[in-house]
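Structural features, examined
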Amino acid sequence: MAAARKHKRMAASQPGFLPLKSDLDGSISNVKRRKRVNKNKKKNWNKYSDIRDVEDFLDDVRLQEKATGGLISEKPDESLFFVDTGEKAKDKQPQTTTKKGKRSKPLRIDLILQPDSHIPAPKNVLAYQQPNAKKQRRKAEKAAKLAAIGVLPRREKLLQLRRAAAASGVSVKEKPVANNNPERPFYDLWSEGTPEAADPFYLEQTKKKLIKRPDRLNEKPSVLPAIEVIAPGGSYNPDFFSHQELLREAHEVEVKKLKVEEKLARQLAVNQDIATEESTFKEQVEGLIEEDEYQPEDPDGDADDTVIGPTATQEKKTERQRKKEKAEKIKELQRKAEREVIDKKQQLFQLRSIRANLKNQEQRTKMRQAQRKAKQEAEKSMPRRLGRLKFQEPDLDIQLSDELASSLRSLKPEGSILKDRFKSLQKRNLIEPRERAKFKRRYKLKYSEKRAFREIQ
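Note that the structure is predicted; figures quoted are calculated from it, not measured.

Turning next to the overall build of the chain. Scanning the chain for helices and strands turns up 15 helices and 2 strands. When the 457 residues of the chain are sorted by exposure, 8% land in the buried category. Within the chain, contacts between residues at least 6 apart in sequence are counted, and of these 57% link residues at least 24 apart.

Let us now look at the packing of aromatic side chains. Counted under the stated rule, the structure contains 1 aromatic pair. Between F240 and F241 the ring centres are 5.5 Å apart and the planes differ by 80°, which places this aromatic pair in the edge-to-face class. Residues F240 and F241 agree in their burial class; the two are exposed. Taking NZ or CZ as reference, K123 lies 4.5 Å from the ring centre of Y128, over its face.

Before going further, it helps to examine the pattern of salt bridges. For the structure shown, the criterion picks out 14 salt bridges. Among the salt bridges present, the one from R62 reaches D59, with a minimum N-O distance of 2.4 Å. With R62 and D59 both in helix α2 (residues 52-68), this residue pair falls 3 residues apart, about one helical turn. The closest approach of N and O atoms between K317 and E325, which form a salt bridge, is 2.7 Å. Relative accessible area serves as the criterion here: at 36%, K317 is assigned to the partly exposed category. By sharing partners, the salt bridges in this structure join E228, E393 and K427 into a single network.

Taken together, the side chains of D397, D402, E403, E414 and D420 define an acidic patch exposed on the protein surface. Mapping E403 onto the fold places it in the loop between α13 (351-380) and α14 (417-427). Looking at E403, the relative accessible area reads 44%, which means it is partly exposed.

Turning to a nonpolar patch on the surface, a few remarks are in order. Taken together, the side chains of L107, I109, I112 and L113 define a hydrophobic patch exposed on the protein surface, amounting to about 450 Å² of accessible area. Tracing the sequence through the fold places I109 in helix α4 (residues 108-113).

Now for a positive patch on the surface. Taken together, the side chains of K134, K135, R137, R138, K139 and R155 make up a positively charged region of the molecular surface. Considering every element that reaches the positive patch, the biggest residue donor is helix α6 (residues 133-149), with 5 residues.

Now for the side chain of K427. Along the chain, the position of K427 falls in helix α14. Leave out the neighbours within four places in its chain, and K427 touches S222, L224, E228, P383, F391 and E393.

Positive phi outside glycine occurs at N132, with the angle close to 60°. Looking at where N132 falls in the secondary structure, it is placed in the loop between α5 (125-128) and α6. With phi around 60°, N429 is a residue other than glycine that occupies positive phi space. Here N429 lies in the loop between α14 and α15 (451-456).

Chain-level statistics for the chain give a pLDDT mean of 79 and a share of 74% at 70 or above. In the model of the chain, strand β1 (residues 96-97) stands out as the element of lowest mean pLDDT, 54, in contrast to helix α10 (residues 240-268), which has the highest, 93. Per-residue pLDDT stays below 50 along residues 24-29; that stretch engages in 1 contact with residues further than four places along the chain or on separate chains. Confidence drops under a pLDDT of 50 for residues 303-310, and excluding neighbours within four residues, the segment shows 3 contacts in the predicted structure.

This paragraph deals with the environment of S49. Along the polypeptide, S49 turns up in the loop between α1 (2-13) and α2. Sequence spacing of S49 and K39 is 10 residues, and the spatial spacing of their C-alpha atoms is 8.7 Å.

Summarising the element assignment, S222 is placed in the loop between α9 (215-218) and α10. As for S222 and M382, which are separated by 160 residues in sequence, their C-alpha atoms are 7.6 Å apart. Within polar-contact distance, the side chain of S222 engages the backbone nitrogen of L224 at 3.3 Å.

Calculation criteria
- Residues numbered from 1 in each chain as written.
- Predicted model: local features only at pLDDT ≥ 70, side-chain atom pairs only at ≥ 80, totals over all residues.
- Heavy atoms only, no water.
- Helix = DSSP H or I, 4+ residues; strand = E, 2+ residues; numbered from the N terminus.
- Buried < 20%, exposed > 50% of the residue type's maximum accessible area, 1.4 Å probe, protein only.
- Contact = heavy atoms within 4.5 Å.
- Phe/Tyr/Trp six-rings, centres within 6.5 Å; stacked < 30°, edge-to-face > 60°.
- Lys NZ or Arg CZ within 6 Å of the ring centre and 35° of its normal.
- Salt bridge = Lys/Arg side-chain N within 4 Å of Asp/Glu carboxyl O.
- Patch = residues over 30% accessible without salt bridge, like charges linked within 9 Å, V, L, I, M, F, W, Y side chains within 5 Å.
- Areas by Shrake-Rupley, 256 points an atom, 1.4 Å probe, with all protein chains shown as cover.
- Lys, Arg positive; Asp, Glu negative; His and termini not counted.
- Charge placed at Lys NZ, Arg CZ, Asp CG, Glu CD.
- pLDDT = per-residue confidence, 0-100.
- Polar contact = N/O pair within 3.5 Å; in protein donor to acceptor, adjacent residues only side chain to side chain.

Take a look at the structure:
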């Protein structure tokens, strides 16, 4: 706005600017003597600043824009002047026609309501706005880029497939039957199942399509059953042989535990070697006796063979020796190259052995794959390592032969159903193995004896 005012003020200062309102009544008497004030102070800026000339100029500019559509000084001469030929100009105002064919002038109320300003109406921004215009523009730009590469959108691909199917004569998806067709079969919209006679259009609009469950979510983490049936020997009145078989299994478990404890005890045991008198004497005199430096005996008896001082430096090779070594290296490389060519030719006569080796290698690979697959199948029934703790098998609930109850009334309950379920979840890899949280007191308990209790004593 400030730039526009500056421009218009500069336009007014030009000699060609024509003000619309003439200032003829201005005289010397109207001119007041300006009061000299200190304009360095902010409070005097608005109080003693005379801006009437600027306001008059802006009012004149607004009047010119409203009356003529712009500054008169900027208008061409053809729009401001015309040649008077004596003929009356026709009335260009809109007229209405009556039934008899006579023309009548428009009403004055209509003329008053007509706009008399030459300034164009402001642009209606809302008329040009579109919902999601930015998003639609980005989509169009992306589609143009993909089309330039040769990638078509999904809608275009489906349209091309339908056209190709129609051209080839393949049966396309049947169109839904019209709603006003009386022969259309009736079906229950809210039934649980999907009847065969249902309208595909209604099914597409009303029935919710279930989200396809990923296959990996259908795989169970373990093939073990949720509830494992106990062995026949664990019954309250078991058979003799089945009970002995269960006792044998429990015995093997205890033997394994005992072996682990014995191995741990051996690893932690201290080496209790008994010290002898000779070893004790050596420890006591360690560092007191100075041992003579070891000097090997000279078998020839000649002491001049030993070299004292720095070792002799290697003699420099002559040019003839270097050429000889280079020639030997070249010959060695040539021999290796010839040997490789001979080996490749010999491989032609070893096709049978090579074929047999490849066949053996394939058999070994298949055997390893079978072993790996069997190992994976076996691991499905075993607990995996899910946390920092390993899964430990619970102890077998078993009774000895002399502890068996004679009747169901005298049977004593053993074990805990809650612990069995908890261990089953761990064994089936549903939860990680855990241990009971240990309670650790932060502050030590302080015992104090109350006065009432002390008086009773």
